[in-house]
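Chain by chain, the residues run as shown.
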Amino acid sequence: MSETCEHVGQVRDVTPSAARCEDCIRTGDGWVHLRLCRVCGHVGCCDSSPNQHATKHFHATGHPVIQSFEPDEDWGWCFVDEVPLALQTVIARPA
């Protein structure tokens, strides 16, 4: 495990793909917390959720950096380097 993130340069100001986990909406499943891919804007559910769509998105795309998509949470995570990231919230939540 690295102590720094070598992927922070991939972080973008993104438009969220949905207001909730787009995969759970499609399948009719529930989620616990939401995560936002800071490379493409995919909204997926966390690893405490039954389907773990944010992690599945990382494995499918290789997009390494997520940010919490929960109100008043301002943290990020790099899947590759396994380190937390301080990311400024610049996210407009869709209705």
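Structure: above.
Predicted, not measured: the structure shown is a model, and the values here were computed from it. Counting restarts for each chain: residues are numbered from 1 in the order of the written sequence. Totals for whole chains, interfaces and linings use every residue, but because this is a predicted model, local features are given only for residues with pLDDT of at least 70 and side-chain atom pairs only at 80 or more, for both listing and counting. Side-chain metrics in this entry use all non-hydrogen atoms of the structure; hydrogen atoms and water are not considered.

Some details on the overall build of the chain
Inference 1: Runs of H or I in DSSP of at least four residues are treated as helices and runs of E of at least two as strands, each being numbered from the N terminus. A tally of regular secondary structure across the chain gives two helices and five strands.
Inference 2: Its helices and strands taken in sequence order, the chain reads α-β-β-α-β-β-β from the N to the C terminus.
Inference 3: Exposed residues in this analysis have more than 50% of their type's maximum accessible area, buried residues have under 20%, and partly exposed residues fall in between, with area computed by a 1.4 Å probe over protein chains only. Counting over 95 residues, the chain shows a buried share of 45%.
Inference 4: Counting contacts in the chain only where the partners sit at least 6 residues apart, residues at least 24 apart contribute 49% of the total.
Inference 5: Per-residue and other accessible areas were derived by the Shrake-Rupley procedure at a 1.4 Å probe size, with only the shown protein chains allowed to occlude residues. Taken as a whole, the chain presents about 5300 Å² of accessible surface, with 49% of it coming from carbon and sulfur. Contacts: residue pairs with any heavy atoms within 4.5 Å of one another.

Some details on the nonpolar core
Inference 1: Of all hydrophobic cores here, the largest spans eight residues; its members are Val 14, Cys 21, Cys 24, Leu 34, Leu 36, Val 43, Cys 45 and Phe 69.
Inference 2: Throughout, nonpolar core names a set of buried Ala, Val, Leu, Ile, Met, Phe, Trp, Tyr and Cys residues whose side chains join them through atoms within 4.5 Å. Core analysis: the second largest hydrophobic core is formed by six residues, Cys 5, Val 65, Val 83 and Leu 85 among them.

Some points on the side chain of His 42
Inference 1: By the secondary structure assignment, His 42 is in the loop between β1 (34-37) and β2 (43-45).
Inference 2: For His 42, a relative accessible area of 9% translates into the label buried.
Inference 3: A distance of 2.9 Å separates a polar atom in the side chain of His 42 from a polar atom in the side chain of Asp 23.
Inference 4: The residues contacting His 42, other than those within four sequence positions of it, are Ser 17, Glu 22, Asp 23, Arg 35, Leu 36, Cys 37, His 53 and His 57. Polar contacts here mean pairs of N or O atoms no more than 3.5 Å apart (in protein, one a potential hydrogen donor and the other a potential acceptor; neighbouring residues in sequence count only if both atoms are side-chain atoms).

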